[in-house]
Amino acid sequence: MMSPVCLGGDKRSFARTRNNSESARTPQNFDRKRQLSESQAETMNNSDCRINPRKLGSPRGESHAAVSTPGDRKNRNKPTRGRKKNVFEVYMPKEDVAAGLKRRELIQGPLRINPKKYHEAFIPSPDGIRDIFIDGVVARNRALNGDIVVVKLLPKEQWKVIKPDGSDKETEATHESDVPGKLLGTCLPREPKKGDADSPDVIIEAQFDDDDDAENGQKSSQNVLADDIKKLSMDTNEKGKDVESGYAQGAKQEDVSKVNNPRLLPEKFLQRTAKVVYILEKKHSRAATGFIKLLADKNSELFKKCAMFSPVDHRVPRAYVSLADCPPDFVSRPEDYSSTLFICRIVDWREDSNFAIGQMAKSLGQAGEIEPETEGILTEYGVDFSDFSQDVLECLPQSLPWVIPSAELANRRDLRKECIFTIDPSTARDLDDALSCKQLPDGNFEVGVHIADVSYFVVEGTALDKVASGRATSVYLVQKVIPMLPRLLCEELCSLNPMKDRLTFSVLWKLTPEGKILEEWFGRTVICSCVKLSYDHAQSMIESPEKVFRSEELPPISPQHPVDEIHQAVLNLHRIAKHLRKQRFIDGALRLDQLKLSFTLDKESGMPQGCYIYQYRDSNKLVEEFMLLSNMAVAHQVYRSFPQQALLRRHPPPQTKMLNDLMEFCDQMGLEIDFSSAGALHKSLNEMLGADSYAEARKEVLTNMFSRPMQMALYFCAGVLEDETLFCHYALNVPLYTHFTSPIRRFADIVVHRLLNASLGSGRPVRLRKEALQKQADHCNDRKMASKRVQELSTDLFFAAFVRECGPLESEAMVMGVLNEAFDVLVLRFGVQKRIYCNALPLVGFHFQKVGKKPELTLLWEPETPEQEAAPQVITIFTLVEVVLTSDSSPLKYSAVLERPGREK
């Protein structure tokens, strides 16, 4: 239990975020006349310090509350008689919330807070068009990023006007949402201009991109900067606009003034604003990494009891923490801890305080070091990286080495003599899928996908089942994996290691050489993989079909299967996969491959010693095609058998509003893109391919743009969605899909295995109700989203360390978006995206204009000698520039610096 601490008010003026984009420090959205310094806040709170030790260490229950309106907030500092004025409103009673939601007077959704301008937050609108804006920390009412909240719309006169005026004052939302997998809507305006001071009043919209493996149509992105698609799509000089909107050229002053009055405008020009009135579910972990410091006012009573915890992520509130929980010498030597990272958990946040109450969890170590930073990321995102408990370990086979029981062998199809092999990354240790392919006498092929039968070991209702269900997914960091299951299962008993008998589920097809399915079989099997191939090995076989491989060129191979048999099987699979892939895209599938950064690590220090863009080759495509095929086959099988309980995976179509904005932008840029379907979009993008590096770079930029309106794929229980058309997977363009192929690292796949087993009549009947299955699906979505963000942050962390250790790094870059004082670039060598500010360059001036409908910045570089004139450089979208990545003074931060044009290297 913490020592008693007091509550108080705080006013943070600046924000700092964990990501590696230029960290703009922006003021919190409180009335500037009411801003308080930290010492003033302490003095104010000293006069009414409330201490209740029994309430420390755990939240103050689940009764949560509404926020004051802007009118209430204006009166916050007026004198009160005998009581302290609340900063936040008390939450609505549950019964009033339920009634308000039923009457549609209230709206619920996941809260998304902008990490760069943390006073801005959003929730998706029920109409799916324009997100609802929550303006300020007070309106957010103590809810944290990702929480499922209930909001009440503010009066129309307090809504925000959307002004497509080309200004640099858009309200910025975030692409970096850490919100649960259920959320579908987003906003993504620009990174704030350095020096922004006031709360902006203009909203633009965009969509952060999402990665749900290859089946989601795209790969994981690096930290993506705002693209300002909405802003770029507007032309303030365009004639013929409706005078009512005030945007037409030559509009009268009184017409323009109407634009600033929300009550006089149609809703299509307005962004609805709201306040949080209740927290339905606390999705945020309430844990944060940050720094501790002494309070400013040494004469206050609080100084003797409390320290201040300042989170790195300023979306989390500052918190008072007990000095008793801080290091013993912290008060006497606070400077020794100025760069030490701590983990703090928010345990309370009262209505009458801007400060939360925190409980110190542990000291992580020095900021800027890989392991402390990594542990902080894992903790913040609620990743369970603790050792498995004894109860869990007792669920594993106790007699080792483990041998498959003879009774189990008798109940399975024996495929141990077949030529079956794995193809995985060279570093993989959890091998959960294997392939086989043999030619039949009639010229067709028997192709098999064999997946580890993890459900044999993870029995429903056991401690092992519960911990796997809770973790829901393995988390892949740059330097290590946080496994969903104990390593005995991940790396041994379930892993399809070569020359080891393993239990599997298999899908076998009889296929024509062109990939047409003639027959299909599902069943429980036992296999013995003959070799563990890497993607490099398989790629070599594909690229050298006539080569005779020597055994020493490959990993150890079972003597039952010669090298040439394996080589031929790989070639046959490759040929069939090419037909399957071609047909998939003919049938309307979409794939958006974004650049993916990989690292080589020093074996001793673990630090990055090199990085490169991961190459997606034919060997990857081979495996992907058969994994997709088996996932679709199993989806149909379980849905036929259990139409109410099938756990499936759907991919909703793109956000309508964002897609329309993107269509308008492409039209204004002269890009002929067909957005009518996933397949049409895929075809348009690939038709823009060229033979030179410029065309390839432009394709990468467009791929990033097209990814942003895409929603994330979601697990769901079929019985919960009444409309079967909602089952569709947009990117794959198929009616039914699920996850079956990775049960070692995804709990959803284990559930699907149980359903498949029951459908074959060999497993326990499905007892879970559809509501329970949907709850599990929601949890899997949440944890998958968290895992994705952790993986991205791990990549950011290592790349920043690489820049620090090996920089400065030069690269060609392509402009992705142009603002009136900055522009965004895709750094082509590393696949990262950065913003470059004009006021950070040695310029004598710069000028923003629209040329036709295209935004353009003209930079005037300072002369290098007195005899020279200022050198102009024109920046437009798709301009190629040279940049240098350099490490910042802050730990693990880096910046992009634009090179002067024409400078010799």
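Please read all numbers here as calculations on a predicted model, not as lab measurements.

Colleague: Hey, could you run me through the packing of aromatic side chains in this one?
Modeller: The geometry of an aromatic ring pair is captured by two quantities: the separation of the ring centres and the angle between the planes. According to the stated counting rule, one finds 16 aromatic pairs in the structure shown. Measuring from centroid to centroid gives 6.1 Å for Trp402 and Tyr456, while their planes differ by 55°, and the two rings are tilted. A residue pair is termed long-range when its members are at least 10 positions apart, and Trp402 in the loop between α8 (390-393) and α9 (406-410) and Tyr456 in the loop between β19 (445-452) and α10 (463-471) qualify at 54 residues. Classification of Trp402 as buried rests on a relative accessible area of 18%. Taken together, the aromatic side chains of Phe799, Phe802, Phe830 and Tyr894 make up a single cluster linked through ring pairs.

Colleague: Would you take a moment to explain the sheet that holds strand β36 (residues 894-898) for this structure?
Modeller: Either a parallel or an antiparallel arrangement is found when strands of a sheet pair, and the pairing is made through backbone hydrogen bonds. Read across the sheet, five strands follow the order β31-β30-β29-β35-β36 without closing on themselves; strand pairing throughout is antiparallel. Lying at the two open borders of the sheet, with one neighbouring strand each, are β31 (832-837) and β36. The average angle at which neighbouring strand axes cross in this sheet is 45°, direction not considered. Note that strand β30 (residues 822-827) and β31 share six bridges and pair antiparallel. If you follow Phe823 over to β31, its bridge partner there is Ile836. Set on the sheet, helix α17 (residues 693-707) makes contact with β29 (809-818), β30, β31 and β35 (880-887); between it and β29 the angle comes to about 55°. Against the sheet, helix α19 (residues 770-806) contacts β29, β31, β35 and β36, and its axis sits at roughly 85° relative to β35.

Colleague: Before we go on, may I ask you to explain unusual backbone geometry in this structure?
Modeller: Most peptide bonds take the trans form, and the phi angle of most residues other than glycine is negative. The step from Leu400 to Pro401 runs through a cis peptide bond, and the omega angle for that step is 0°. Relative to the helices and strands, Pro401 resides in the loop between α8 and α9. In this model, Gly807 is joined to Pro808 through a cis peptide bond whose omega is 0°. Topologically, Pro808 is positioned in the loop between α19 and β29. Here Arg104, not a glycine, exhibits a phi torsion of approximately 65°, which is positive. You can see Arg104 is positioned in the loop between α3 (94-102) and β1 (106-110).

Colleague: Could you clarify how one ought to interpret the pattern of salt bridges in this entry?
Modeller: One pass over the full model with this rule turns up 43 salt bridges. One salt bridge in this structure joins Glu491 and Arg429, with 3.1 Å as the shortest N-O distance. Residue Glu491 is located in helix α11 (residues 487-493), and its partner Arg429 is located in the loop between β17 (420-424) and β18 (433-439); the two are separated by 62 residues in the primary sequence. Glu491 gets classed as buried once you look at its relative accessible area, which sits at 14%. Between Asp536 and Arg617 there is a salt bridge, with its nearest N and O atoms 2.3 Å apart. With Asp536 in helix α12 (residues 535-543) and Arg617 in the loop between β26 (608-613) and α14 (618-641), this pair connects stretches of sequence that are 81 residues apart. When its relative accessible area of 44% is taken as the criterion, Asp536 is described as partly exposed. Salt bridges here are not isolated pairs; linked through shared partners, they connect Arg581, Arg584, Arg591, Asp593, Glu624 and Glu625.

Colleague: Is there a simple way to explain the environment of Pro743 in this structure?
Modeller: When you line up the elements, Pro743 lands in the loop between β28 (714-717) and α18 (747-759). Residue classification places Pro743 among the buried residues on the basis of a relative accessible area of 0%. Once the C-alpha coordinates of Pro743 and Ala452 are considered, the two residues, 291 residues apart in sequence, prove to be 7.1 Å apart. Every residue in contact with Pro743, bar those within four places of it in the chain, is listed here: Asp432, Ile451, Ala452, Val454, Met484, Leu485, Asp749, Ile750 and His753.

Colleague: Please explain the environment of Lys657 as it appears in this structure.
Modeller: When you line up the elements, Lys657 lands in helix α15 (residues 656-668). Residue class for Lys657 comes out buried when judged on its relative accessible area of 13%. As for Lys657 and Asp131, which are separated by 526 residues in sequence, their C-alpha atoms are 9.9 Å apart.

Colleague: Sorry if this is basic, but what is going on with the side chain of Glu491 here?
Modeller: One polar contact links Glu491 to Arg429, side chain to side chain, over a distance of 3.1 Å. Among residues more than four places away in sequence, those in contact with Glu491 are Arg429 and Asn497.

Colleague: I tried to follow the pairing of strand β25 (residues 597-601) on my own but got confused; where do I start?
Modeller: The side chains of a regular strand alternate between the sheet's two faces. For β25 and β26, the ladder comprises five bridges, and the chain directions are antiparallel. Each residue of the ladder has a partner; that of Leu597, found in β26, is Ile613. Turn length for the β25-β26 hairpin, with the two strands adjacent in sequence and antiparallel, is six residues, and the turn residue Gly606 shows positive phi of about 75°.

Colleague: Sorry, what's going on with the nonpolar core here?
Modeller: Ranked by internal contacts, the top residues of the largest apolar core, which has 93 residues, are Phe421, Leu435, Phe626 and Leu648. Counting residues per element, this core draws most heavily on α14, which supplies ten residues. Not counting the four nearest positions on each side in its chain, Phe626 is found in contact with Leu435, Val447, Val449, Trp509, Leu511, Leu573, Ile576, Ala577 and Leu580.

Colleague: Would you mind going over the sheet that holds strand β22 (residues 501-511) with me for this structure?
Modeller: The seven strands are arranged β16-β23-β22-β19-β18-β17-β24 in an open sheet whose pairing can be described as mixed. The outermost strands of the open sheet, each flanked by one partner alone, are β16 (413-414) and β24 (532-534). Here β18 runs beside β19; their pairing, made up of seven bridges, is antiparallel. Its bridge partner lying in β19, Lys438 is registered against Glu446. Most of the contacts of α14 go to β22, to which it runs at about 90°, and overall it touches β17, β18, β19, β22 and β23 (517-528). The sheet strands contacting α18 are β19, β22 and β23, and the helix crosses β22 at an angle near 70°.

Colleague: Help me understand the confidence of the model for the protein, please; the structure alone is not making it clear to me.
Modeller: Close reading of the predicted structure is inappropriate where its pLDDT is low. Residues at a pLDDT of 70 or more form 79% of the protein, whose mean pLDDT is 82. The model gives residues 165-214 a pLDDT under 50, and that stretch makes 229 contacts with residues more than four places away or in other chains. Across residues 218-256 the pLDDT falls below 50, and counting only partners more than four positions away or on other chains, this stretch makes 135 contacts in the model.

Colleague: I tried to follow the packing of α10 against α19 on my own but got confused; where do I start?
Modeller: Between two packed helices, the angle of one axis relative to the other and the distance separating the axes together describe the packing. Where α10 contacts α19, the axes come no closer than 8 Å and their chain directions differ by 55°. By the angle between their axes, α10 is oblique relative to α19. Of the residues in α19, those touching α10 at Ser469, Gly470 and Arg471 are Gln776, His779 and Arg783. Here the residues of the contact of α10 with α19 are counted per class, giving no nonpolar, four polar and two charged.

Conventions adopted
Residues numbered from 1 in each chain as written. Predicted model: local features only at pLDDT ≥ 70, side-chain atom pairs only at ≥ 80, totals over all residues. Heavy atoms only, no water. Phe/Tyr/Trp six-rings, centres within 6.5 Å; stacked < 30°, edge-to-face > 60°. Helix = DSSP H or I, 4+ residues; strand = E, 2+ residues; numbered from the N terminus. Buried < 20%, exposed > 50% of the residue type's maximum accessible area, 1.4 Å probe, protein only. Pairing = 2+ DSSP bridges. Axes fitted to C-alpha atoms, helices over the stretch in contact; angles between N-to-C directions. Contact = heavy atoms within 4.5 Å. Salt bridge = Lys/Arg side-chain N within 4 Å of Asp/Glu carboxyl O. Polar contact = N/O pair within 3.5 Å; in protein donor to acceptor, adjacent residues only side chain to side chain. Core = buried A, V, L, I, M, F, W, Y, C linked by side-chain atoms within 4.5 Å. pLDDT = per-residue confidence, 0-100. Parallel < 35°, antiparallel > 145°, perpendicular 65-115°, else oblique. Nonpolar A, V, L, I, M, F, W, Y, C, P; charged D, E, K, R; others polar.

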